[in-house]
Amino acid sequence: MTGKRWQLAHGRHVDLGDRALVMGILNVTPDSFSDGGAFDAPARAIEQARRMVAEGAVIVDVGGESTRPGAAPVSPAEEQDRVLPVISQLASSGDVLISVDTYREETARLAVAAGAHVVNDVWGVQREPGIARVAAETGAGLVIMHTGRGRAKLADVIDDQFAFLRRSLEIAREAGVRDEQIMLDPGFGFAKDENENLELMARFSELCELGYPLLAGTSRKRFVGHVTGREAADRDAGTAATSVILRMKGAQIFRVHNVAINVDALAFADAMLARQTNLPGH
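Bear in mind the structure is a predicted one, so any value in this text is a computation, not a measurement. All residue numbers here refer to positions counted from 1 along the written sequence of the relevant chain. Given that this is a predicted model, residues contribute local features only at a pLDDT of at least 70 and side-chain atom pairs are listed and counted only at 80 or more, while totals for whole chains, interfaces and linings are drawn from all residues. Hydrogens are left out, water is left out, and the side-chain values use all remaining heavy atoms of the structure.

J.: Which parts of the structure should I look at to understand unusual backbone geometry?
T.: Backbone geometry follows two general trends: most residues other than glycine have a negative phi, and most peptide bonds adopt the trans configuration. One non-glycine residue, His 10, lies in the positive phi region at around 60°. Inspection of the secondary structure puts His 10 in the loop between strand 1 (4–7) and strand 2 (13–16). For Val 125, which is not glycine, the phi torsion reads 55° and is therefore positive. Burial status follows relative accessibility: with a 1.4 Å probe on protein chains alone, a residue under 20% of its type maximum counts as buried, one over 50% as exposed, and anything between as partly exposed. Taking the relative accessible area as the measure of exposure, Val 125 reaches 0% and is therefore buried. Per the convention used, a helix needs a DSSP run of H or I reaching at least four residues, while a strand needs a run of E reaching at least two, with both numbered from the N terminus.

Printed below as a string of structure tokens:
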């Protein structure tokens, strides 16, 4: 795979290419769909973050508001009270890269000031476009996620991806975000039914035409349960299978709850990609 460098805040970067990278999910919330309440105390959150890094996570993604369908919204102040102490402590305790999972400009700005390197926006900078200015001004990495929520979608899943993400990219560029800061996420599970998610997986490589590195977030999602018949807490093996498929189709970062099983699965995907590259004719 052609290597790229993802530029992040505070002078940091991530090299992308021959090795899949894992982003560990750290929900400091009481109501997230598979681990709500498990890590909502700062001490437990820090312990979990360290565990994920030890298992091979390169980035820890800290979120203070559940994005599951029907979740109760929280105020900006409550979100910040949840995430900022954890981000500050993680930033002061080591070299771990930190992402903040928020769509709010104010939370993003405070999180980067507290030590976060990445802003991960599940509304693709279209709900609060000012979040793109935060990335531009701070140099933070920016994950732009596709969502189908709150709007009419195009019938073809890839057409809808391109239409939404191109608008997001326009907003980011107009704000001054550089291309090397941008990572795209097709938003598995966000207003997509089982068939749409599977179609998106099957055609994932088409998203490479956009020219940006891709993040995959399938972890424990409902469509994984539809295929495997498992409840949320028991979907890690199914998630690892999706990670392998999506790695073979071009994804470079994988946002997951269970770091260890995905690190192992992705090591095999990387070994196969390396072998394919070295075959005659490649």
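J.: I would appreciate a short explanation of the sheet that holds strand 3 (residues 21–27) in the present structure.
T.: By definition, the strands of a sheet pair up through backbone hydrogen bonds, in either a parallel or an antiparallel sense. Read across the sheet, 8 strands follow the order 8-7-6-5-4-3-10-9 without closing on themselves; strand pairing throughout is parallel. Strands with a single pairing partner mark the edges of an open sheet, and in this sheet they are strand 8 (182–185) and strand 9 (215–216). The strands that helix 5 (residues 157–175) touches are strand 7 (141–145) and strand 8; relative to strand 7, the one it contacts most, it runs at about 150°. Pairs of strands are assigned from DSSP output, requiring at least two bridges between the strands. The contact criterion used throughout is that any non-hydrogen atoms of two residues lie within 4.5 Å. Inter-axis angles, ranging from 0 to 180 degrees, are taken between N-to-C directions of lines fitted to C-alpha atoms, where helices are fitted over the stretch in contact.

J.: Looking at this structure, I do not really get the nonpolar core. What am I missing?
T.: Looking at soluble globular proteins, one finds that nonpolar side chains tend to be buried together. Residues belong to one nonpolar core when they are buried, are Ala, Val, Leu, Ile, Met, Phe, Trp, Tyr or Cys, and are joined through side-chain atoms within 4.5 Å. By size, the foremost hydrophobic cluster in this structure holds 61 residues, and its most contacted members are Leu 26, Val 62, Leu 90 and Leu 184. At 8 residues, the largest contribution of residues to this core is made by helix 5. Not counting the four nearest positions on each side in its chain, Val 62 is found in contact with Leu 26, Val 28, Val 83, Val 86, Ile 87, Leu 90, Ile 98, Ser 99, Val 100 and Asp 101.

J.: Could you clarify how one ought to interpret the pattern of salt bridges in this entry?
T.: Any two side chains of opposite charge can pair, so long as their charged atoms come close to each other. Put simply, a salt bridge is a Lys or Arg side-chain nitrogen that is within 4 Å of an Asp or Glu carboxyl oxygen. Considering all chains together, one arrives at 20 salt bridges under this definition. Between Glu 65 and Arg 104 there is a salt bridge whose closest N-O contact spans 2.9 Å. On the criterion of sequence distance, the pair formed by Glu 65 in the loop between strand 4 (59–63) and helix 2 (76–93) and Arg 104 in the loop between strand 5 (97–101) and helix 3 (105–114) is long-range, its members being 39 residues apart. Overall, the relative accessible area of 8% leaves Arg 104 in the buried class. Taken together, the shared-partner salt bridges connect Glu 105, Arg 109, Arg 133 and Glu 137 into one network.

J.: I would appreciate a short explanation of the packing of aromatic side chains in the present structure.
T.: Each aromatic ring pair is characterised by the separation of its centres together with the angle its planes make. Stacked, tilted and edge-to-face pairs are distinguished by plane angle, under 30 degrees for stacked and over 60 for edge-to-face with tilted covering the rest, among Phe, Tyr and Trp rings (Trp via its six-membered ring) whose centres lie within 6.5 Å. Using the criterion set out here, one finds 2 aromatic pairs in the structure. A centroid spacing of 5.9 Å and a plane angle of 20° characterise the contact between Phe 188 and Phe 223, whose relative ring orientation is stacked. Here Phe 188, found in the loop between strand 8 and helix 6 (194–202), pairs with Phe 223, found in helix 7 (residues 222–228); they are 35 residues apart in sequence, far enough to count as distant. Just as Phe 188 is buried, Phe 223 falls in that class too. Here the aromatic cluster, defined as three or more aromatic residues joined through ring pairs, consists of Phe 188, Phe 204 and Phe 223.

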